[in-house]
Amino acid sequence: LYFGYYQSGYALAPRLSNLQILELGASFKPLESLVFFKKMTLGSRYYFYWKDEASGGTSDLESTGNDPVVGEEWDTFVNWQIFADISLIIKYGIFFPGEAFSTDTRENTQYFSTAFSFTF
């Protein structure tokens, strides 16, 4: 049984089974000097995925090849607390499959999500 949670990308979102992950990321507040945009954060992450055991499987059932390279993913996001009770979140991610996927299933996967919250 899977235990715990790890933020491992939006598009692939793998479970931690026979998988190693290198994550590089950064975020910043580009318009912090402007009152209206003070609580807006832009960020990006890049993930490199590879199998711990090349001949083993992963949580993605299409990565059946014996190559350890599962793929790479780039994610970007905007988190903005517009007012104390209104916030906006935008997320985008794209996964680029590696050699662990067969050529007929090696298509990029995209993820897009928006959330607008009004709290009262």
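Heads up: the structure comes first, above all this text.
Treat the numbers as computed from the prediction; the structure is a model and nothing was measured.

## A short note on the side chain of S63
Point 1. Turning to its location among the elements, S63 is positioned in the loop between β2 (40-51) and β3 (69-83).
Point 2. Within the local environment of S63, its side chain forms a polar contact with the side chain of T58, the two groups lying 2.5 Å apart.
Point 3. Once residues lying within four places of it in the same chain are set aside, the contact partners of S63 are K51, T58, A100 and F101.

## Side note on unusual backbone geometry
Point 1. Of note in this structure, A13 is not a glycine but carries a positive phi near 45°.
Point 2. Along the chain, the position of A13 falls in the segment before β1 (19-28).
Point 3. In this model, N18 sits at a positive phi of 55°, which is unusual for a non-glycine residue.
Point 4. You can see N18 is positioned in the segment before β1.

Rules used throughout
Residues numbered from 1 in each chain as written. Predicted model: local features only at pLDDT ≥ 70, side-chain atom pairs only at ≥ 80, totals over all residues. Heavy atoms only, no water. Helix = DSSP H or I, 4+ residues; strand = E, 2+ residues; numbered from the N terminus. Polar contact = N/O pair within 3.5 Å; in protein donor to acceptor, adjacent residues only side chain to side chain. Contact = heavy atoms within 4.5 Å.

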